[in-house]
Amino acid sequence: MSLFSQAFRPVGSTRADPVLVALWVALILVAVIWIAPFVFIVFTSLKTNTAVMGETAFALPTDPAFSNYAKAWARGNFSVTAFNGVLITFVKVPLGVFLSAMAAYALARVPMRGRRVLFLLCVFGTMIPFQVMLAPIFKQVNAFGLINSYPGIVLPYLAFGVPYQVFILYGFFSAVPKELSEAARIDGASHFTIFRRIFLPVSLPALSALFVLDFVATWNEFAMALVILQDPQKWTLPLGLMAFQSQFQRDYGQLNAAIVMTVLPAAIVYLMFQRYFVAGLTTGAVKE
Amino acid sequence: MASVTISNVGKSFGAARVMQGVDVSIDDGEFVILVGPSGCGKSTLLRMVAGLETVTSGDIEIDGRRVNDLEPKDRDIAMVFQNYALYPQMTVAQNMGFALEIAGRPKAEIAAEVRKAADILSLTPLLARKPAQLSGGQRQRVAMGRAIVRHPKVFLFDEPLSNLDAKLRVQMRAEIKALHRRLGTTIIYVTHDQIEAMTMADKIVVLNGGRVEQIGAPLDLYDRPANLFVAGFIGSPAMNVLPAAPAGDALLVIDRFRLRRPDAATGTTLRYGIRPEDMLIGGEAAVEGIVEVIEPTGAETHLTLRIDEHVLTMVTKERPAVAAGDRLAVSLAPGRGHLFDAESGIRLAGC
C-alpha cells in the first residue's frame, strides 16, 4: 500500500498528484489489456478440448495437459518450420539491419549528388503496403525461379524492410553530432571505419530496437510466406499453424500450444535485446 | 611543426559569400588566434584549414604544400572541438590512441604514445574511464591528448574552452599555453573571447564579416588598433569612442575636452577613442560628469559616467568616494587616445 501511495506522490511532496494517479491507472489498464490475451493463450494451451469448452477462458488449468505441446510440435511439423523460420529470420534480420544502417549512414553523412532524391525514394518505399504488391512479387520471384526457396522469401523481405529501417536510422544518424565523424576523419578514418567504429556503437539502442521489431515481424510474417513458400518443407512457423485449423477439426489446446511455441523465440529475443534500449549511450561524447 | 599560409581565401555557401580575400601568414611554432564576433567566419576559416570545408577561392598551404584538395587526414593536422567530440563507447586510452590505431601503428607504440600524452595532461589515472565518467575539464584534456599523440604539424582549436566554467577556463588557458611552450607546435586557435586571445596568442587575427580587420601582436592591437572595429572589439571594458572636431590647433572632444590637434586630424568628421583605464579622475582641464554606475571589482573600480548625452566608462585603481548621481571631474590622459576617421573608421593618429 505504501508503495502505491509513494508512486502517486511527486518527489518531495506529501500529497498525491491526480495526474500521476491517472497515469498509473492508464498504465495498469494498458498492461492488463496487453497481458490478458497472453494469459488466455497460455492457459488454453494447457487445457484439453473438453476443458476449453467447459470452463471460462481465464480459468486456471486444473489438470495441465502438457501433452498438447508434444502433439502440436508433431502436428505442426515444427522441426521443419522452426528450422526454416530460424534460418530465414537469422539471415534476413541482421543482413537487413546492416544494409539499412550502411544506406542510412551514406544518406546522412556522405556528401553526394542526388542524396535527397535517394532518401525520398526510400521514404516512398515505406508507403507501399506489401499486401498490394503480393501478386507482382509472386510473378517476379517466379520469373527468377525462386519460388519455394530461401532467397525467394528473403529478398522480398529485405526489399520491404530496408526502406523503413533506413528512414528510422537516417534520423538517428543525422542527430549524431557531426563533430564525431569530423574528428574521426581528421584521425584518418575512412567512411566505412567511421560507420563501423563510431556510428554503429553509438547507434546500438536504435539498432537493437530495429533488430527486435524486425525479428518479430519477420518471424511472424504470414502473407508473403504463404504466397512464396508453397512447399510444406519450406514453410515457416506461422504457416505451420494452418495445420491446426480445418473445417471439421479444431483442437484449441494444441492450437494455443503451437502459438506459444511460435511466439516464444520472439519474446526471448525481445527480452535479450531490451536491455540495449537504453537511451543516452552518447552521454559524454559531446558537451550537452 | 610547420608554417601555414592562407592566401586570398574566399568562401561561399551557395550564393552567399561569407568570406573573401583573407590573407594570413603563420610562422612555424606560432600561436595564432582568430578572433571576432559570431558569424565573422573564424570557425569557417579554421575548418577550411582542417579540410572540413572546401575552399571556394584562394590557397591554403601547410609547410609550403598546397592542401586545398587534400583530405583532412592527409594534412597532418589535429583538431580540438568545442564540444570535445570524444568517441563515447571508447575509453580515454582508446580515444587517444584511435588515430594511431587507424594508421596501423604497433600496439606497444600506441600504448607508449598514449602514456606519454596522458602524463603531460595528467590523465594517467583516467585512462580506463569512458568520456561519460569525466568532468568537462577532463574531457577537454582528453580531446587535447587525442591531438597530441599524433604529433601533428599544426594544432587547430575551435573554441575549446567555451563550454567550461570561468575558473576552469583560466586553468585550461594556462595549460594550453604551457603545452604550446612545451611542444612548440604551430597552433591556430579560434575564440570569440578577446581575453583568451590577448592572454594566449603570439599573434591575433581579428575577423569581421568574413574579412581580416587587423593582424598583430596582442598589445599592438590593443595599443594601436587599425580601425574603430578593432578598437571596440579588443579590450574589456570597450574603448570609449566619442565624436571629435578640429578647432584651430586644438581638437574638441564632445565639445568639452580640449586636446592638442595631431597633424593627421584634417577631416571634419572624426572619432576620438580612449581606453577606460586612460581616463583620469581630476587632472588638467578636467570635465565634470555625473556618475551613473559604480562597479568595484576589488582590484579596480569601473565607473559609468554621463557627460551631456555621452556615456563613458572609466576604470581606476583608486576607490573614489562617490555614489551614483554624484558629480565627478575627469580628464583624458594625454597621448593615450586614438583618432579615427568617422566614415572609414581607420585610425589616423595617436592623440
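Keep in mind that this is a model prediction, so the values were computed, not measured.

Draft legend 1. Layout of the overall build of chain A. A tally of regular secondary structure across chain A gives 14 helices and zero strands. For 288 residues, the compact-globule estimate of 2.2 N^0.38 gives 19 Å, and the C-alpha radius of gyration of chain A, at 24 Å, exceeds that figure by more than 25%. Reported as C-alpha extents along the three principal axes, the dimensions of chain A are approximately 70 × 70 × 30 Å. By residue count, 33% of the 288 residues in chain A fall in the buried class.

Draft legend 2. Representation of the interface of chain B and chain A within the structure. Each partner contributes residues to the interface: chain B has 26 residues there, and chain A has 21 residues. Secondary structure elements with two or more residues in the side of chain B that touches chain A: β6 (77–80), α2 (92–102) and α4 (136–148) of chain B.

Draft legend 3. Representation of the domain arrangement of chain B. Residues and elements named next belong to chain B. When the domains of chain B are assigned, the result is domain 1 (4–232) and domain 2 (238–350). Taking only C-alpha atoms into account, the centre of domain 1 sits 38 Å from that of domain 2. Every contact between the two is made by seven residues of domain 1 and, on the other side, 10 residues of domain 2.

Draft legend 4. Spotlight on the packing of helix α4 (residues 67–75) of chain A against helix α14 (residues 252–273) of chain A. Residue and element names in this part refer to chain A. One can describe the packing of α4 onto α14 by two numbers: an axis separation of 8 Å at closest approach and a directional angle of 80°. With respect to α14, the element α4 is oriented roughly perpendicular. Judged by residue contacts, N68, Y69, K71, A72 and R75 of α4 engage G253, Q254, A257, A258 and M261 from α14. Tallied by class, residues from the contact of α4 with α14 come to five nonpolar, three polar and two charged.

Draft legend 5. Spotlight on helix α5 (residues 166–183) of chain B. All names here are of chain B. When the terminal C-alpha atoms of α5 are compared, their 26 Å separation across 18 residues agrees well with the 26 Å that a helix rising 1.5 Å per residue should span. Here α5 has its buried residues at M172, I176 and L179. Seen from one end, α5 has its buried residues packed into an arc of 60°, which puts them on one side. Away from the buried face of α5 by more than 90 degrees, exposed residues A166, K167, A174, A178 and R181 are located. Positive phi appears at G184, one or two residues downstream of α5, with a value of about 70°.

Draft legend 6. Expanded view of helix α11 (residues 204–220) of chain A. Residue and element names in this part refer to chain A. Taking 1.5 Å per residue, 17 residues should reach 24 Å; α11 reaches 24 Å between its end C-alpha atoms and fits that length. All of the buried residues along α11 are A206, L207, L210, F211, V212, D214, F215, T218 and W219. Elements in contact with the buried residues of α11: α5 (78–109), α8 (150–175) and α14.

Draft legend 7. Highlighting the packing of α4(B) against α5(B). Residues and elements named next belong to chain B. Interhelical geometry of α4 versus α5 gives an angle of 20° and a closest axis separation of 11 Å. Classified by the interaxial angle, the pair formed by α4 and α5 is roughly parallel. For the pair α4 and α5, the crossing hand works out as right-handed. Residues G136, G137, Q140 and M144 of α4 touch α5, and the partners they reach there are L168, M172 and L179. Classifying every residue of the contact of α4 with α5 by side-chain character gives four nonpolar, three polar and no charged.

What counts, and where the lines are drawn
Every residue gets a number counted from 1 within its own chain, in the order that chain's sequence is written. Numbering of ligands from 1 and lettering of chains from A proceed in the order in which they are written. Residue-level local features of this predicted model are given only where pLDDT is at least 70; pairs of side-chain atoms are given and counted only at 80 or more, and the full residue set underlies all totals for whole chains, interfaces and linings. Strands are runs of DSSP state E lasting at least two residues, helices are runs of H or I lasting at least four, and both sets are numbered from the N terminus onward. For the radius of gyration, the atom set is restricted to C-alpha positions; the globular benchmark scales as 2.2 Å times the number of residues to the power 0.38. Counting other C-beta atoms within 10 Å of a residue's own tells you its class, since 20 or more makes it buried, 12 or fewer makes it exposed, and anything in between is partly exposed; those C-beta atoms are placed from the backbone. We call two residues in contact if the C-beta atoms placed from their backbones are at most 7 Å apart. Per the annotation, domain bounds derive from an automatic or database assignment of domains. For helices, the axis comes from a line fit to the C-alpha atoms of the stretch in contact; other axes are also lines fit to C-alpha atoms, and the angle between any two N-to-C directions lies between 0 and 180 degrees. Angles are sorted into four bins: roughly parallel if under 35 degrees, roughly antiparallel if over 145, roughly perpendicular if 65 to 115, and oblique for all others. In this count, Pro and Cys sit with the nonpolar residues alongside Ala, Val, Leu, Ile, Met, Phe, Trp and Tyr, while Asp, Glu, Lys and Arg are called charged and the others, Gly among them, polar. Expected span of a helix: the number of residues minus one, times 1.5 Å. Working definition: the arc comes from the directions between the helix axis and the C-beta atoms, pointing outward to the latter. The hand of a helix crossing depends on one turn: near helix anticlockwise from the far one by less than a right angle means left-handed, and clockwise means right-handed.

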